[in-house]
Amino acid sequence: MNVWTDKKLSELELEDKLEMIETFSNSLAEFYIAIHNKDEKLSEHIARVLIETFSIIIMGDDAIELENKISEIERNLNDKFKALA
């Protein structure tokens, strides 16, 4: 059986989706720790990965076409991080 990261969205099973939620939850915990430790680069990296992953899941192939818009959202988040620092 392939891991969920190697599957197309249409191939995901319930077990895969539950694992995705658990992975997302763990990433949020890592994000919190990075912010708490004021690790700006790691916080930005985790945020970018979460935004891109969420975009692909929600939008499927359209996320690739809207890459510029997603990048703009990421830049806005990074600007907010810098403003908080």
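This is a predicted model, so every value here is computed, not measured.

**What about the overall build of the protein?**
In step 1: A count of helices and strands for the protein gives 4 helices and 0 strands.
In step 2: Mapped from its N terminus to its C terminus, the protein presents α and β elements in the order α-α-α-α.
In step 3: With the C-alpha coordinates aligned to their principal axes, the bounding extent of the protein is approximately 45 × 30 × 15 Å.
In step 4: Taking all 85 residues of the protein together, the buried fraction comes to 25%.
In step 5: Element-wise, carbon and sulfur atoms account for 57% of the exposed surface of the protein, whose accessible area totals about 6800 Å².
In step 6: On the protein, the mean spot of the 10 positive side-chain charges and the mean spot of the 19 negative ones are 7 Å from each other.

**A look at a nonpolar patch on the surface**
In step 1: A cluster of nonpolar side chains, namely Leu 9, Phe 54, Ile 56, Ile 57, Ile 58, Met 59 and Leu 66, defines an oily patch on the protein surface of about 610 Å² accessible area.
In step 2: Looking at where Ile 56 falls in the secondary structure, it is placed in helix α2 (residues 40-59).
In step 3: Ile 56 gets classed as partly exposed once you look at its relative accessible area, which sits at 45%.

**Digging into the confidence of the model for the protein**
In step 1: For the protein, mean pLDDT is 81; residues scoring 70 or higher make up 92% of the total.
In step 2: The least confident element of the protein is helix α3 (residues 62-65), whose mean pLDDT is 70; the most confident is helix α1 (residues 14-36), at 89.

**A few points about the layout of surface pockets**
In step 1: In this model, the largest pocket occupies a volume close to 320 Å³.
In step 2: Surrounding the largest pocket, 14 residues form its lining, Met 20, Ile 21, Phe 24, Thr 53 and Ile 57 being those nearest its centre.
In step 3: The element contributing the most residues to the lining of the largest pocket is α1, with 6 residues.
In step 4: For the lining of the largest pocket, the per-class residue count stands at 10 nonpolar, 3 polar and 1 charged.

**Structural notes on unusual backbone geometry**
In step 1: If you check the backbone angles, Lys 38 has positive phi at about 55° while not being a glycine.
In step 2: Locating Lys 38 in the fold gives a position in the loop between α1 and α2.
In step 3: A residue is classified by how much of its surface remains accessible, and Lys 38, at 74% relative accessible area, is exposed.

**Things to note about the side chain of Ser 27**
In step 1: Considering the arrangement of structural elements, one finds Ser 27 in helix α1.
In step 2: Among all residues touching Ser 27, those that are not within four sequence positions of it are Ile 46 and Leu 50.

Basis of the calculations
Every chain begins its residue count from 1, and numbering advances along the sequence as written. With the structure being a predicted model, the display of local features is reserved for residues of pLDDT at least 70 and the display and counting of side-chain atom pairs for 80 or more, all residues being used for whole-chain, interface and lining totals. Side-chain metrics rest on all non-hydrogen atoms present in the structure, leaving aside hydrogens and water. Runs of H or I in DSSP of at least four residues are treated as helices and runs of E of at least two as strands, each being numbered from the N terminus. Think of it in three bands: with a 1.4 Å probe and only protein chains considered, a residue is buried below 20% of the maximum accessible area for its type, exposed above 50%, and partly exposed in between. Using a 1.4 Å probe, accessible areas were evaluated by the Shrake-Rupley method; residue-level cover was limited to the displayed protein chains. Lys and Arg are tallied as positive, Asp and Glu as negative. Neither His nor the chain termini are counted. Think of each charge as sitting on NZ of Lys, CZ of Arg, CG of Asp or CD of Glu. Patch definition: residues with relative accessible area over 30% and no salt bridge; like charges joined within 9 Å; nonpolar side chains (Val, Leu, Ile, Met, Phe, Trp, Tyr) joined within 5 Å. A pairing counts as a salt bridge when a side-chain nitrogen of Lys or Arg comes within 4 Å of a carboxyl oxygen of Asp or Glu. Scored from 0 to 100, pLDDT records how confident the predictor is in each individual residue. The way it works is a 1 Å grid over only the protein atoms, where trapped points that fit a 1.4 Å probe form a cavity and open points with protein on both sides within 12 Å along at least five of seven lines form a pocket, and then any residue with an atom within 4 Å of a point lines it. Grid points are joined across faces, edges and corners, and a volume is the space filled by probe spheres set on the points. All amino acids are sorted into three groups, where Ala, Val, Leu, Ile, Met, Phe, Trp, Tyr, Cys and Pro are nonpolar, Asp, Glu, Lys and Arg are charged, and the leftover types, Gly among them, are polar. By definition in these notes, contact holds between two residues if any of their heavy atoms fall within 4.5 Å.

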